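Spelled out, the chains give:
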Amino acid sequence: MPGSACSGCDPVIRSLLIANRGEIARRIIRTARRMGIRTVAVHSDADAALPFVREADQAVRIGRALPRDTYLRGDLILAAARDAGAEAIHPGYGFLSENAEFADAVEAAGLVWIGAPPAAIRAMGLKDAAKRLMDEAGVPTTPGYLGDDQSSERLAMEAARIGWPVLIKAVAGGGGKGMRRVDRAPDFPDALASCRREAAAAFGDDRVLLEKYILNPRHIEVQVFGDRHGGVVHLFERDCSLQRRHQKVIEEAPAPGMAPDTRESLCAAAVRAARAVDYVGAGTIEFIADGSGPLRADRIWFMEMNTRLQVEHPVTEAITGQDLVEWQIRVASGEALPRTQQELRIDGWAVEARLYAEDPARDFLPSIGRVDVLAPPDDGVRVDAGIEAGDAVSPFYDPMIAKLIAHAPTREQAIDALAAHMDGLMIWPLRTNAGFVARALRQPDFATGHVDTGLLGREHTALASDRAIDPPLLAAAIRLLGEAGEASLHGPWGAGSAFRLNADPASTVTLHIDGDRVEASRNAIAAIRPNGRCLRWGDDAALLCQEGVTRLAGLAPPLRSAGAMAGDGAVLAPMPGRVVSVEVSVGERVEAGRRLVVIEAMKMEQALLAPFDGVVEALPVEAGGSVPEGALLVRIAPAAD
Ligand code: ADP
């Protein structure tokens with residue numbers, strides 16, 4: 001990351017507390033340290049062993065685990081800041097970063113708030129008020145309905161007027177929650193009811209607005225920055241169209257296909273939006289663009305403003321050579337913006353992928369627990385990680401492991417560099433989306449810049465399917481296991497194995513890979529360089545990493561299966577969570593794959609499916625209840641016939 005040491009100025013802030021965790025806490029510590037600022041971390045018990053806690057100059061425990069008992073407890077965080085003598089608070093993203101009351105309390109306590117002005121947070125906090133404000137400021141907004149009349153009849157009438165498809169959005173929405181696309185009038189009442197339910201539960205506010213649903217939408221956002229002296233600049237755009245269920249997965253800067261004059265008018269609109277709320281600090285104006293054709297200025301509309309630093313800020317740092325956390329600290333200290341608009345330029349292309357602990361093969365179920373191996377290739381790709389090998393991904397927070405950012409002169413080179421990095425990203429035993437991301441980066445439409453927010457959904461089956469392991473990598477594994485075997489011939493392994501060191505080199509060997517038997521040829525052992533990585537794992541196993549997918553290989557079957565699903569029809573909670581819905585009843589016949597129960601944890605809903613055909617025998621949970629990990633949700637008795 002670039003960084004000019006402070007030249008001829010003395011930052012007002014000498015110490016700051018980070019009201020956040022994981023990778024963003026580490027990211028802030030890095031810049032603060034370079035600027036000579038003392039850092040204070042706050043942490044839950046669940047996070048006590050994580051890198052950000054030891055990397056901070058001081059760490060203060062604030063509670064056990066749940067966000068509402070820890071990172072959302074503004075009172076505890078303020079007390080920690082007082083006790084530690086911190087002069088400022090940086091909220092990172094998420095948690096309290098867009099909480100105007102907390103921002104007020106920080107300032108009332110005489111501390112510097114390294115975040116958006118509370119008035120701007122409030123002005124942009126509700127989607128309908130924000131859109132009205134933007135209309136007034138001359139920033140184009142999506143056609144829709146923002147009225148106070150929230151009756152179902154009026155909303156249905158307005159939806160028909162806007163024209164199908166229509167998107168229902170929670171006024172207080174965020175994080176992709178409380179949104180429903182409706183394609184036909186008959187579907188509107190149910191969609192409205194479920195959107196209101198979700199909005200009331202998630203935000204305590206069931207009001208909605210309607211928008212024209214943009215077909216083939218692209219998500220394009222502009223990074224803006226304001227200072228206390230009336231200065232506002234933009235740092236160009238990012239394209240975040242690669243999303244899964246409205247959550248960003250791959251982001252890039254600049255946006256593919258953005259002509260200079262379109263960029264100029266888009267970024268000017270973003271600056272107008274920031275000025276309309278007297279913005280100070282780092283902010284992002286999110287736009288939705290019609291991606292059915294080339295980008296046009298009159299086909300890009302304001303969606304919302306995020307009044308904080310974004311997860312994807314590193315791609316902007318890469319192409320502008322600026323450190324946005326440093327900008328935040330300087331601006332919060334009262335300094336003018338570090339660069340003028342004329343001094344900011346786009347240099348090359350940057351692509352970021354979010355690496356999540358989740359299993360694409362099991363509908364992206366979060367994969368929780370200790371990470372024994374976390375070995376990104378050392379290839380110049382920027383890795384902003386929250387954990388290291390030996391740390392755990394906990395069930396209490398977002399399951400993001402790291403952000404990986406490649407920067408190169410051209411888009412093609414940046415994508416290639418990131419895809420190659422994902423290929424060799426060895427992680428064990430947690431499942432991750434690395435393979436999914438590696439394939440998405442090579443998807444032909446993405447590669448040619450034909451992106452829209454539906455791309456990952458349409459290509460889901462292909463992207464979620466792991467490719468069989470290439471023969472040269474299998475051969476490399478056999479060789480590695482042979483060395484392991486040689487070392488343990490006198491040990492418990494060895495006997496009964498299909499592998500013999502003096503076997504005919506042309507023979508095949510049976511490998512057990514993640515529970516499957518794979519016949520592998522020993523041929524071509526040193527002849528071909530395998531496209532992937534292979535690592536000894538214990539005495540008698542190896543980890544094989546190909547295209548971002550890490551698998552366990554051995555010559556003998558593993559002692560126990562890695563799958564969590566019990567074979568006796570007991571469907572267990574894969575993580576602690578809340579039961580959202582129960583979709584069957586006792587005595588009901590179900591077919592394999594039928595949805596039984598939906599549970600929610602870590603902001604994600606997970607449907608539990610029937611493992612085989614049978615009858616619901618036991619159902620000890622009900623909607624609304626919470627369940628610990630491993631709790632019995634449903635027991636299915638196998639069908640008799
Ligand atoms: P949230 O605040 O919950 O993140 P946004 O309003 O930012 O919600 O929208 C999230 C995503 O939903 C966008 O990135 C885009 O993919 C999609 N989206 C939002 N508005 C529209 C629209 N009018 N038409 C089509 N897709 C939309």
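Calculation notes
- Residues numbered from 1 in each chain as written.
- Predicted model: local features only at pLDDT ≥ 70, side-chain atom pairs only at ≥ 80, totals over all residues.
- Heavy atoms only, no water.
- Pairing = 2+ DSSP bridges.
- Helix = DSSP H or I, 4+ residues; strand = E, 2+ residues; numbered from the N terminus.
- Axes fitted to C-alpha atoms, helices over the stretch in contact; angles between N-to-C directions.
- Core = buried A, V, L, I, M, F, W, Y, C linked by side-chain atoms within 4.5 Å.
- Buried < 20%, exposed > 50% of the residue type's maximum accessible area, 1.4 Å probe, protein only.
- Domains from an automatic or database assignment.
- Salt bridge = Lys/Arg side-chain N within 4 Å of Asp/Glu carboxyl O.
- Polar contact = N/O pair within 3.5 Å; in protein donor to acceptor, adjacent residues only side chain to side chain.
- Contact = heavy atoms within 4.5 Å.
- Near = heavy atom within 4 Å.
- Areas by Shrake-Rupley, 256 points an atom, 1.4 Å probe, with all protein chains shown as cover.
- Nonpolar A, V, L, I, M, F, W, Y, C, P; charged D, E, K, R; others polar.
- Phe/Tyr/Trp six-rings, centres within 6.5 Å; stacked < 30°, edge-to-face > 60°.
- Lys NZ or Arg CZ within 6 Å of the ring centre and 35° of its normal.

**Student:** Teacher, can you tell me more about the sheet that holds strand 27 (residues 541-546) here?
**Tutor:** Hydrogen bonds between backbone groups are what pair the strands of a sheet, and the pairing can be parallel or antiparallel. Read from one edge to the other, the open sheet built from five strands follows the order 25-24-28-27-26, with strand pairing classed as antiparallel. At either margin of the open sheet sits one strand with a lone partner, and together these are strand 25 (516-521) and strand 26 (533-537). Taking each pair of neighbouring strands and ignoring which way they run, the sheet shows an average axis angle of 35 degrees. Pairing analysis gives two bridges linking strand 24 (residues 508-513) to strand 28 (residues 549-554), with the strands arranged antiparallel. Its bridge partner being in strand 28, His-512 is matched across the sheet by Gly-554.

**Student:** Whenever I open this one, the nonpolar core confuses me. Can you help?
**Tutor:** Side chains that are nonpolar tend, in soluble globular proteins, to be buried together. By size, the foremost hydrophobic cluster in this structure holds 127 residues, and its most contacted members are Leu-16, Leu-17, Ile-89, Ile-250, Phe-287, Met-422 and Leu-441. Here the element with the most residues in this core is helix 9 (residues 260-276); it accounts for seven residues. Each of domain 1 (15-114) and domain 3 (218-464) contributes no fewer than three residues to this core. Counting residues in each nonpolar core, the second largest holds 20 residues, with Leu-365, Val-621, Val-627 and Ile-636 among its members.

**Student:** Before we go on, may I ask you to explain the pattern of salt bridges in this structure?
**Tutor:** Proximity of charged atoms lets side chains of opposite charge pair with each other. Inspection of the entire model under this criterion finds 55 salt bridges. Note that Asp-205 and Arg-207 form a salt bridge whose closest N and O atoms lie 3.0 Å from each other. Judged by its relative accessible area of 16%, Asp-205 falls in the buried class. For Arg-207, a relative accessible area of 31% translates into the label partly exposed. One continuous salt-bridge network, built from bridges that share partners, spans Arg-27, Arg-30, Arg-34, Glu-317, Asp-323, Glu-326, Arg-330, Glu-335, Arg-382 and Asp-384.

**Student:** Can you walk me through the side chain of Asp-205 in this structure?
**Tutor:** Along the chain, the position of Asp-205 falls in the loop between helix 8 (188-203) and strand 9 (208-212). Within the structure, Asp-205 has its side chain in polar contact with the side chain of Arg-207 (distance 3.0 Å). Not counting the four nearest positions on each side in its chain, Asp-205 is found in contact with Leu-126, Ala-172, Ala-199 and Ala-200.

**Student:** Hey, could you run me through the site of the ligand in this one?
**Tutor:** Around the ligand, the surrounding shell holds 23 residues, and the nearest of these are Lys-127, Lys-169, Gly-176, Ile-214 and His-219. Glu-211 has a polar side-chain atom sitting 2.9 Å from a nitrogen atom of the ligand. Here the ligand has 550 Å² of accessible area as a free molecule, and 96% of this is covered by the chains. Taken together, the residues of the shell around the ligand break down into seven nonpolar, nine polar and seven charged.

**Student:** Just checking my understanding: could you explain the packing of aromatic side chains for this structure?
**Tutor:** Between two aromatic rings, the relevant description is the distance of the centres plus the angle of the planes. Scanning all chains against the criterion turns up seven aromatic pairs. Ring plane angle 75 degrees and centroid distance 5.6 Å describe the contact between Tyr-71 and Tyr-397, whose orientation is recorded as edge-to-face. A residue pair is termed long-range when its members are at least 10 positions apart, and Tyr-71 in the loop between strand 3 (58-63) and helix 3 (74-84) and Tyr-397 in the loop between strand 21 (392-393) and strand 22 (400-408) qualify at 326 residues. What makes Tyr-71 buried here is its relative accessible area of 0%. Exposure remark for Tyr-397: the relative accessible area of 3% places this residue in the buried category. Linked through ring pairs, Tyr-71, Phe-95, Phe-396 and Tyr-397 together constitute an aromatic cluster. Its end group placed over the ring of Phe-364, Arg-244 keeps NZ or CZ at 3.5 Å from the ring centre.

By themselves, these figures tell us nothing about what the structure is for.
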